[in-house]
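So you can see what is in the structure, the chains are spelled out below.
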Amino acid sequence: MKAAFYEATGAADVVLRIADVPDPDPGAGEVLVRIAVSAVHPTDVKARSGARGAPAFPRIIPHSDGAGRIVAVGAGVDSGRVGQRVWLWNAAWKRANGTAAELVALPSAQAVALPEGASFADGACLGIPAITAHRCLFADGVIDGQVVLVTGGAGTVGSYAIQMAGLAGARVVATVSGPEKADHARAMGAHAVVNYRDADAAGQILSASGGKGVDRIVEVEFGGNLSITTQVLAPNGMVAAYGSVAVPEPVLPFYAMMFAGQSVRTVLAYTLPDAARETANAEITSWLEQRALKHPVAATYPFEQMVEAHRDVESGKRIGVTHLRIAPDAEV
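Residues numbered from 1 in each chain as written. Predicted model: local features only at pLDDT ≥ 70, side-chain atom pairs only at ≥ 80, totals over all residues. Heavy atoms only, no water.

### Describing unusual backbone geometry
Consideration 1: The phi angle at N90 is positive, at roughly 60 degrees, despite the residue not being glycine.
Consideration 2: Tracing the backbone through its elements, the reader meets N90 in the loop between β5 (85-88) and β6 (103-107).
Consideration 3: At K94, a residue that is not glycine, the phi angle is positive and equals roughly 55 degrees.
Consideration 4: Here K94 is to be found in the loop between β5 and β6. (Helix = DSSP H or I, 4+ residues; strand = E, 2+ residues; numbered from the N terminus.)

As structure tokens, this is what we get:
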């Protein structure tokens, strides 16, 4: 099979190669998937660049998310899964082989059935972004009737969080950094959109909440946004944070938050409890069956343009997921 891989970290055009490598075989409890679409996420390019430390394996085929068709199964897996269309999660998490290849073998549970009506491109958008959004929103109870603030409303996690929160009965306020991103957040279903760079951003968020503050925050930049958080989070509110790049070690206003009964939850899609992941997968599947979700795709590159796809993600200018088209025959 053809696969993209790197054997040392560094710049995309220096370390990434596409070459023939041996086909993988599905082990016990595994499925073999022919990849139609592989997703390139910021976590993928950070790992390849060396920002996450030295490589854990001598050769790494990157990318955790993707979609394709099961072409073989290992011992203990229902043979009826052969031919099934699936979307994948955690393909490259603590594993040497991800979805940037024509074939990947991985545990059967990590290949989720893709409903009819959902394309491989739709399925490749899910994984990290959709599961992160779901966990941030629903780990701490129902949100029907609540006000939810989604920071980074034009990001992929933000896009899914806006939609899922609306589907669950919440009023959604999103923050963005400019007009194009504001239009995107509104298209995803945000009821109100605020430019977080505005001097009165906190006041605008409070106004959009009816003056009572927001009940839950889906937070892309915990430390960098803490000054706004402290002004807009309602008593007994929850911050579910999945990033804090600008301020990686923020100073928490503990007593102010304690007396307001406020909480902070950190979220990492890779390490969810099994029960939480099963719930997320089931609810995402239900929304897919209802065609209730929009799946933002920023750009799609042919497999041979792997380097350009990584550069696209590194630019930080995209709105949506960057895709690689891998094996066209997976769609047959």
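### Concerning the sheet that holds strand β10 (residues 192-195)
Consideration 1: The six strands lie next to each other as β10-β9-β8-β11-β12-β13, forming an open sheet whose pairing is parallel. Strands with a single pairing partner mark the edges of an open sheet, and in this sheet they are β10 and β13 (263-266). Averaged over all neighbouring strand pairs, the angle between strand axes comes to 20 degrees, with direction disregarded.
Consideration 2: Here strand β9 (residues 171-176) pairs with β10 via four bridges, running parallel. The residue bridging V176 from the neighbouring strand is N195, located in β10.
Consideration 3: Helix α4 (residues 127-138) contacts β8 (147-151), β11 (214-219), β12 (233-241) and β13 of the sheet and is inclined by roughly 155 degrees relative to β11.
Consideration 4: Here helix α7 (residues 201-208) sits on the sheet in contact with β8, β9, β10 and β11, set at roughly 170 degrees to β10. (Pairing = 2+ DSSP bridges. Axes fitted to C-alpha atoms, helices over the stretch in contact; angles between N-to-C directions. Contact = heavy atoms within 4.5 Å.)

### Focus on the pattern of salt bridges
Consideration 1: Inspection of the entire model under this criterion finds seven salt bridges.
Consideration 2: One salt bridge in this structure joins K212 and D215, with 2.9 Å as the shortest N-O distance.
Consideration 3: K212 gets classed as partly exposed once you look at its relative accessible area, which sits at 45%. (Salt bridge = Lys/Arg side-chain N within 4 Å of Asp/Glu carboxyl O. Buried < 20%, exposed > 50% of the residue type's maximum accessible area, 1.4 Å probe, protein only.)

### Points about a nonpolar patch on the surface
Consideration 1: Taken together, the side chains of L252, F254, Y255, M258, F259 and V264 present a nonpolar region at the surface, about 660 Å² in accessible area.
Consideration 2: Of the residues forming the nonpolar patch, the biggest block, four residues, is contributed by helix α9 (residues 254-259).
Consideration 3: Residue placement: L252 occurs in the loop between β12 and α9. (Patch = residues over 30% accessible without salt bridge, like charges linked within 9 Å, V, L, I, M, F, W, Y side chains within 5 Å. Areas by Shrake-Rupley, 256 points an atom, 1.4 Å probe, with all protein chains shown as cover.)

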